[in-house]
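A structural walkthrough
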Amino acid sequence: MIKWLNLLCIALLLLSCKKAFTPSGALLDNSRYLVIDGAINTGNDSTFIKLSRTKTFDKHIVIDRETGAHVTVESDANASYPLREISAGVYSATPLHLSNSHQYRLRIKTAGGEEYLSDFVVVKNSPPIDSVGFTAKANGLQIYVNTHDDKNSTKYYRWVYTEAWRFHSTYESFFDGSAPRVNYVYYCYAKDTSSYIVLFSSAGLNKDAVYQAPVTSILPTSEKIELRYSIEVKQYALTPDAYAFWNNVHKNNETNGSIFDAQPTDNQTNYHCLSQPGKLVVGYLSAGSVAKKRIYINREQLPASYNPSYGFACTIDTLYYEGGYNILADTANYTALGGLYYSPFKPFNAPNAVTYSTRDCADCTARGVTKAPYFWKP
């Protein structure tokens, strides 16, 4: 049981951790157990299932994706719906529009011949999200969600989110070392996904309602809120068993930020390994429709005291060269800059001088893309 608890933490960290750490003891287990992340979407959205493996940690945390598997949704009416692998370890099906009157399970056969099967699960549809809002506090931006169920039948909620934001580099770049710049690299877009478990239960309340449940927070110095920020929140309705599973994991991850704190009390997974009974599996399957809502936040809506920064220092230096303003001929200096040459400004002070900076400071594509996301609104 202790071994399973440690492996559960490893798997969740593989899926969501952003900082490397050095484990010891029982965490240095060479076994590779299957991690199953995702839910069956019975409504109008696609279903996504991610498969990976637990692995021994080293200095670099890399998800060990499980590729080449056959993944199928099955109903208790003997219908089946195959998923296809759309990227390494990610399996998807277009909207299935499944009946709420049936139960569903997931069957997985790996490329190595292992077979896994979940229990049948009931359909638990999410009520609509009433609103997603924000509160600008001195210590940062707090994003929250409001929802309710007039039928008092949901009671257990889970939220995940995706973020996108528009930002710019510190300096504008008009030259890249080989020719005048064609692609404008001052404004870019970046994105991120939720890495924490966000839950709420109204089971002890008089009404099945959620008021300003915290979803995520953003520091007042974050680049995310430099120009424009967007967040899409997805809401899942959980069964009591599914909520208990995620709540135990949530408690473990949130106690003190250490994987060595209080662990989940028992193995609550509803997956089973058919080819090797008793083999550990990490994950919990749910099924149902998902509610979602997106909002945009402009810089003008936030306090003037918020001061987004880049997390690194930017400077401008001056490069002097021979032969007039002809950097293409100045191959020695170009090579000395590591093949990256950025000229935020035109030559100044002398006909043989030009200002330059590093790529991080003069090219937003160092950490983003110039093309706006498909959903982005001006």
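A brief report on the enclosed structure follows.

1. Comments concerning the overall build of the protein
Scanning the protein for helices and strands turns up four helices and 21 strands. A separation of at least 24 residues holds for 70% of the contacts in the protein among residues at least 6 apart in sequence. Carbon together with sulfur atoms contributes 51% to the accessible area of the protein, which is approximately 19,100 Å² in total.

2. Focus: the nonpolar core
Soluble globular proteins tend to pack their nonpolar side chains together in the buried interior. With 28 residues, the main nonpolar core has Leu 141, Trp 159, Tyr 229 and Val 233 as its most contacted residues. Among the secondary structure elements, those contributing two or more residues to this core are strand 9 (129–137), strand 10 (140–148), strand 11 (156–168), strand 12 (187–193), strand 14 (209–218), strand 15 (228–237) and strand 19 (291–298). In terms of nonpolar packing, the next biggest core, distinct from the first, is built from 24 residues, Ile 40, Tyr 271, Cys 273 and Ala 287 among them.

3. Comments concerning the state of the cysteines
Counted according to the given criterion, the structure contains two disulfides. Linked covalently through their sulfurs, Cys 188 and Cys 364 form a disulfide whose S-S length is 2.0 Å. In this structure, the disulfide formed by Cys 188 and Cys 364 twists by about 60° around the S-S bond and is classed as right-handed. Note that Cys 188 is positioned in strand 12 and Cys 364 in the segment after helix 4 (359–362), a separation of 176 residues in sequence. Across this residue pair, the class does not change: Cys 188 and Cys 364 are buried. Put simply, Cys 314 and Cys 361 are joined by a disulfide, and their sulfur atoms are 2.1 Å apart. Every disulfide takes its handedness from the sign of the S-S torsion; for Cys 314 and Cys 361 that torsion is -90°, giving left-handed. A residue pair is termed long-range when its members are at least 10 positions apart, and Cys 314 in the loop between strand 19 and strand 20 (317–320) and Cys 361 in helix 4 qualify at 47 residues. Classification of Cys 361 as buried rests on a relative accessible area of 2%. Bonded cysteines in the protein are paired 1-4, 2-3 when counted in the order they occur along the chain.

4. Points about the pairing of strand 5 (residues 80–87)
As paired strands, strand 4 (residues 70–75) and strand 5 are joined by four bridges and run antiparallel to one another. Pairing of Val 73 across the sheet is with Tyr 81, part of strand 5. From the end of strand 4 to the start of strand 5, which pair antiparallel, there are four residues, and Asn 78 there has a positive phi angle of about 70°. As judged from the three bridges shared by strand 5 and strand 6 (residues 90–93), these two strands associate in the antiparallel manner. Counterpart to Ser 87 in the pairing with strand 6 is Val 90.

5. Regarding the environment of Thr 54
Within the secondary structure layout, Thr 54 lies in the loop between strand 2 (47–53) and strand 3 (64–65). The class of Thr 54 is buried, set by a relative accessible area of 1%.

6. Section: the sheet that holds strand 9
Pairing between the strands of a sheet comes from backbone hydrogen bonds, and it takes one of two forms, parallel or antiparallel. One open sheet holds the three strands; their spatial order is 9-10-14, and the pairing between them is antiparallel. What marks the edges here is a single partner per strand, and that holds for strand 9 and strand 14. Sheet twist, expressed as the average angle between the axes of neighbouring strands with direction ignored, equals 25°. Here strand 10 runs beside strand 14; their pairing, made up of seven bridges, is antiparallel. Looking at strand 14, one finds that Leu 141 is bridged to Ile 218.

Definitions and limits used
Residues numbered from 1 in each chain as written. Predicted model: local features only at pLDDT ≥ 70, side-chain atom pairs only at ≥ 80, totals over all residues. Heavy atoms only, no water. Helix = DSSP H or I, 4+ residues; strand = E, 2+ residues; numbered from the N terminus. Contact = heavy atoms within 4.5 Å. Areas by Shrake-Rupley, 256 points an atom, 1.4 Å probe, with all protein chains shown as cover. Core = buried A, V, L, I, M, F, W, Y, C linked by side-chain atoms within 4.5 Å. Buried < 20%, exposed > 50% of the residue type's maximum accessible area, 1.4 Å probe, protein only. Disulfide = S-S within 2.5 Å. Pairing = 2+ DSSP bridges. Axes fitted to C-alpha atoms, helices over the stretch in contact; angles between N-to-C directions.

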